[in-house]
Amino acid sequence: MDETPNTTPHEPPRENPHELPKAKPHKTEDLKTESAKTTAEEPTTPLSRLEYVRQSLGAEHPDTLAAWRDYTTSLMADKKYAEARPQLGKLVAVCEKVFGDKDPVTVNNRADWARCFAETTLYEPALEQYTAVAVRREELLGKQNPATLDARYSVVECLLALQRDADATELLGPVVADCRAGL
């Protein structure tokens, strides 16, 4: 039997010549390990993502505001309107500062805030916010745009909830006419 070492030129000698050499990790396995490390470090919930982005980029960075909206949207999806409402109030204030009160980002967050008021039966503040949203959307998108019509109809719903039927009826006619014309 040949007594030559059971190795290749690039491999250290093995104690047991019948043992197979240990396989080197394939490049994709290295990537999986790196990916696992990265994934473990990444935030996994909307709140943890918000906190991470806020710490990384600052409280007023557009990406932070987007993460904040994702967080409030997740609360609303879970029907946690009372919890989302104060967050949205703060978010709207920061968006007004960063983007201005006429920016679509601000207006959309204000619409979510109004919805949280309405879903928690706080119809007066909901009416105030929906009215502001309807005015801004009409300026930005036009009177017959579906998003504007939605906001205008939400004003009518708040008026009905507040038993202000005459005011609701007065606004409902033009909303219906614009729905017919626009849709």
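This is a predicted model, so every value here is computed, not measured. (Residues numbered from 1 in each chain as written. Predicted model: local features only at pLDDT ≥ 70, side-chain atom pairs only at ≥ 80, totals over all residues. Heavy atoms only, no water.)

## Brief notes about the overall build of the protein chain
Piece 1. Within the protein chain one finds eight helices and zero strands.
Piece 2. Listing the helices and strands of the protein chain from first to last along the sequence gives α-α-α-α-α-α-α-α.
Piece 3. Within the protein chain, buried positions represent 27% of all 183 residues.
Piece 4. Of all intrachain contacts in the protein chain linking residues separated by at least 6 positions in sequence, the fraction that spans at least 24 positions is 44%. (Helix = DSSP H or I, 4+ residues; strand = E, 2+ residues; numbered from the N terminus. Buried < 20%, exposed > 50% of the residue type's maximum accessible area, 1.4 Å probe, protein only. Contact = heavy atoms within 4.5 Å.)

## Describing helix α5 (residues 104–119)
An α-helix turns once every 3.6 residues. As a result, residues three or four positions apart point the same way.
Piece 1. The end-to-end C-alpha separation of α5 is 22 Å, in line with the 22 Å expected for 16 residues at 1.5 Å each.
Piece 2. Burial in α5 covers these residues: Thr106, Val107, Asn109, Arg110, Ala111, Asp112, Trp113, Ala114, Cys116, Phe117 and Ala118.
Piece 3. Looking at the buried side of α5, the elements it contacts are α3 (62–77), α4 (81–99) and α6 (123–141).
Piece 4. Its side-chain oxygen placed 2.9 Å from the backbone nitrogen of valine 105, aspartate 103 serves as the N-cap of α5.
Piece 5. The positive-phi residue at the C-terminal boundary of α5 is threonine 121, with phi of around 55°. (Expected span 1.5 Å × (residues − 1). Polar contact = N/O pair within 3.5 Å; in protein donor to acceptor, adjacent residues only side chain to side chain.)

## Describing the nonpolar core
Piece 1. Trp68, Leu88 and Tyr130 are the most contacted members of the largest nonpolar core, which totals 28 residues.
Piece 2. The set of elements that each furnish at least two residues to this core consists of α2 (46–57), α3, α4, α5, α6 and α7 (146–161).
Piece 3. The dominant element in this core, judged by the number of residues it contributes, is α4, at seven residues.
Piece 4. Not counting residues within four places of it along the chain, the set of residues in contact with leucine 88 comprises Thr72, Met76, Asn109, Asp112, Trp113 and Cys116.
Piece 5. Among the nonpolar cores identified, the runner-up in size contains five residues, and Val107, Ala111, Val133 and Ala151 belong to it. (Core = buried A, V, L, I, M, F, W, Y, C linked by side-chain atoms within 4.5 Å.)

## Description of the packing of α3 against α4
Piece 1. Their axes nearest at 9 Å, the elements α3 and α4 cross at an angle of 160°. With respect to their mutual orientation, α3 and α4 come out roughly antiparallel. Classified by chirality, the crossing of α4 by α3 is left-handed. Note on element contacts: α4 touches α3 through Tyr81, Glu83, Ala84, Gln87, Leu88, Lys90, Leu91, Val94, Cys95, Val98 and Phe99, opposite Pro62, Leu65, Trp68, Arg69, Tyr71, Thr72, Leu75 and Met76.
Piece 2. In terms of residue class, the contact of α3 with α4 is built from 14 nonpolar, two polar and three charged. (Axes fitted to C-alpha atoms, helices over the stretch in contact; angles between N-to-C directions. Parallel < 35°, antiparallel > 145°, perpendicular 65-115°, else oblique. Left-handed = near helix turned anticlockwise from the far one by under 90°. Nonpolar A, V, L, I, M, F, W, Y, C, P; charged D, E, K, R; others polar.)

## Comments concerning the packing of α5 against α6
Piece 1. Here α5 crosses α6 at 155°, and the two axes come no closer than 8 Å. By the angle class used here, α5 and α6 are roughly antiparallel. Handedness of the α5/α6 crossing: left-handed. Contacts between α5 and α6 pair Pro104, Val107, Asn108, Arg110, Ala111, Trp113, Ala114, Arg115, Phe117 and Ala118 from the former with Tyr123, Pro125, Ala126, Gln129, Tyr130, Ala132, Val133, Arg136, Arg137 and Leu140 from the latter.
Piece 2. Considering only residue class, the contact of α5 with α6 consists of 14 nonpolar, two polar and four charged.

## Considerations on the pattern of salt bridges
Piece 1. In this structure the tally under the stated criterion is eight salt bridges.
Piece 2. In this structure, the salt-bridge partner of arginine 136 is glutamate 139, at a minimum N-O distance of 3.2 Å. With a gap of three residues between them, arginine 136 and glutamate 139 both fall in helix α6, about one helical turn apart. (Salt bridge = Lys/Arg side-chain N within 4 Å of Asp/Glu carboxyl O.)

## Some points on the confidence of the model for the protein chain
Note: predicted coordinates in regions of low pLDDT should not be interpreted at a detailed level.
Piece 1. Confidence in the prediction for the protein chain averages 85 pLDDT; 78% of positions are at 70 or higher.
Piece 2. This model gives residues 1–12 a pLDDT under 50, and the stretch forms seven contacts once residues within four places in sequence are excluded.
Piece 3. Here residues 16–39 scores under 50 on pLDDT; set against residues more than four positions off or in separate chains, the count is six contacts. (pLDDT = per-residue confidence, 0-100.)

## Some remarks on the side chain of arginine 136
Piece 1. Side-chain polar atoms of arginine 136 contact the side chain of aspartate 101, separated by 2.6 Å.
Piece 2. If near-sequence neighbours (up to four positions away) are discounted, arginine 136 is found in contact with Asp101, Lys102 and Val107.

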